[in-house]
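Structural overview
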Amino acid sequence: MGRIVIIILLIVGGLFAIVYLWPKFKNKSTEIKYMQTKKISELREAFNQMQQSGLEQSYREYVELKGAAVSDQPIQTPFSNQPAVYCESKLSQVTSERERYQDSEGNWQERTNRRENVISDEKSSQYIYLKDSSGDEKVTIELSASGCSLDIQQTFDRFEPRNNLSNYSFFNTFSFSPYGSETLGFRMTEKVIRPNQQMYILGEAFLSGDEIHIGTPTDHGKPFIVTTKSEDDLVNATGRNAVLALAGGIAAIVVGVLMIIF
């Protein structure tokens, strides 16, 4: 019975990779590679032309933008105290707990289990914008929109023993409850968009009032990408994912068929 389940999982998984994942990554790579970058000033001119026809509020355009990330309210990251326009921070309590268990021979043994329990997972909520060299106008990036593929760099990852927490102002008003028999310390991570960091965005531009926003396309087959990676890095990574999905899918189906035959 277990062998049959494995065969089914291999074949179904392989078909999923070939039929769904491979075309998805391939189309995404092609979309990024052949899109022409648009300036914000050109985007504003397009909306101005639509305004003359009274269509500016219904006009939407799928565009590729490049520029610098800015915010009217820059923040300080909670752990590393670095300036940022956007931050995702996670705090995990690291515990150690001794456990008694029976080994394969029925003898009682002891082991120590180390666990990480996420107790805080925060995303900054202020508006962030994109500016380019074509003028002073900013485009609002809708990071919280459904379907947003946000790919930013992890800039901080540190474990601190419990005795060192006084080095971080964040913990001055912080209290916690022990999850295990002993709290070893805390692991802190941050993913950050820095002020004026170069960004690549692929999404749908539209007006909200008189401001240009970029968010999730109405065509759900098109991606909404916000990343600190370069276009070349993004194309290469997506292309590799497409190749891996195709090769992995074929390999899974071949192994499944061989298990049926033999």
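Heads up: these notes are all about the structure in this document. Keep in mind that this is a model prediction, so the values were computed, not measured.

**A look at unusual backbone geometry**
Phi angles above zero are rare outside glycine, and Asn81 is one such case at about 55 degrees. Relative to the elements of secondary structure, Asn81 occurs in the loop between strand S2 (75-76) and strand S3 (83-84). Assessed through its relative accessible area of 40%, Asn81 is described here as partly exposed. In this model, Asn196 sits at a positive phi of 65 degrees, which is unusual for a non-glycine residue. Residue position: Asn196 is located in the loop between strand S10 (182-193) and strand S11 (198-208). You can call Asn196 exposed: its relative accessible area is 55%.

**A look at helix H3 (residues 231-261)**
With 31 residues, H3 extends 45 Å from end C-alpha to end C-alpha; this agrees with the ideal 45 Å at 1.5 Å per step. For H3, the set of buried residues is Glu231, Leu234, Val235, Ala237, Thr238, Ala242, Ala245, Gly249, Ala252 and Gly256. For H3, the secondary structure elements touched by its buried residues are helix H1 (2-34), strand S1 (61-70), S11 and strand S13 (224-227).

**Here we look at helix H2 (residues 40-52)**
Its 13 residues place the ends of H2 19 Å apart at the C-alpha level, agreeing with the 18 Å of an ideal helix rising 1.5 Å per residue. For H2, the full list of buried residues reads Ile40, Leu43, Arg44, Ala46 and Phe47. Taken around the axis of H2, the buried residues stretch over an arc of 155 degrees, which confines them to a single face. Where H2 is buried, its residues contact S1, strand S6 (128-131), strand S7 (139-141), S11 and strand S12 (211-215). Note on H2: the residue one or two positions beyond its end, Gly54, has a positive phi of about 75 degrees.

**Structural notes on the packing of H1 against H3**
Packing of H1 against H3 brings their axes to within 7 Å, and their N-to-C directions diverge by 160 degrees. Between H1 and H3, the angle falls in the class roughly antiparallel. The two elements H1 and H3 cross, and the hand of that crossing is left-handed. Along the lines of polarity and charge, the residues of the contact of H1 with H3 split into 22 nonpolar, 7 polar and 5 charged.

**Some points on the sheet that holds strand S4 (residues 86-102)**
Taken in spatial order, the 4 strands of this open sheet run S5-S4-S10-S9, and their pairing is antiparallel. Each edge of the open sheet is held by one strand with a lone partner, namely strand S5 (108-123) and strand S9 (154-161). For this sheet, the mean angle separating the axes of adjacent strands, direction not counted, is 20 degrees.

**A word on the pattern of salt bridges**
Enumeration according to the criterion identifies 12 salt bridges in this entry. Note that Arg115 is salt-bridged to Glu97, the shortest N-O span being 3.1 Å. Placement of the pair is Arg115 in strand S5 and Glu97 in strand S4, with a sequence separation of 18 residues. Close ionic contact of Arg187 with Glu116 constitutes a salt bridge, the shortest N to O distance being 3.6 Å. With a gap of 71 residues between them, Arg187 in strand S10 and Glu116 in strand S5 connect regions that are remote in the sequence. Relative accessible area serves as the criterion here: at 42%, Glu116 is assigned to the partly exposed category.

**As for the environment of Pro161**
Its location among the elements puts Pro161 in strand S9. Counting along the chain gives 67 residues from Pro161 to Val94, while the straight-line C-alpha distance between them is 9.0 Å. Apart from the residues lying within four places of it in its own chain, the contact partners of Pro161 are Leu184 and Gly185.

**Here's the deal with the nonpolar core**
Nonpolar side chains in soluble globular proteins tend to end up buried together. One finds Ile141, Ile193, Ile214 and Val226 to be the most contacted residues of the largest nonpolar core, which totals 24 residues. When contributions to this core are tallied by element, the ones reaching two or more residues are H2, S1, S6, S7, S11, S12 and S13. In terms of residues, this core owes the most to one element, S11, which gives 4 residues. Leaving out residues up to four positions away in the same chain, Ile214 has contacts with Val63, Leu65, Val139, Thr140, Ile141, Glu142, Ile201, Gly203, Glu204, Ala205, Phe206 and Phe224.

**Considerations on the side chain of Thr77**
Note on placement: Thr77 falls in the loop between S2 and S3. Among the polar contacts listed, one links the side chain of Thr77 to the side chain of Ser80, at a separation of 2.8 Å. Excluding its chain neighbours within four sequence positions, the residues that come into contact with Thr77 are Gln82, Ala84, Cys87, Glu190 and Val192.

Cut-off values and rules
Residues numbered from 1 in each chain as written. Predicted model: local features only at pLDDT ≥ 70, side-chain atom pairs only at ≥ 80, totals over all residues. Heavy atoms only, no water. Helix = DSSP H or I, 4+ residues; strand = E, 2+ residues; numbered from the N terminus. Buried < 20%, exposed > 50% of the residue type's maximum accessible area, 1.4 Å probe, protein only. Expected span 1.5 Å × (residues − 1). Contact = heavy atoms within 4.5 Å. Arc of directions from axis to C-beta. Axes fitted to C-alpha atoms, helices over the stretch in contact; angles between N-to-C directions. Parallel < 35°, antiparallel > 145°, perpendicular 65-115°, else oblique. Left-handed = near helix turned anticlockwise from the far one by under 90°. Nonpolar A, V, L, I, M, F, W, Y, C, P; charged D, E, K, R; others polar. Pairing = 2+ DSSP bridges. Salt bridge = Lys/Arg side-chain N within 4 Å of Asp/Glu carboxyl O. Core = buried A, V, L, I, M, F, W, Y, C linked by side-chain atoms within 4.5 Å. Polar contact = N/O pair within 3.5 Å; in protein donor to acceptor, adjacent residues only side chain to side chain.

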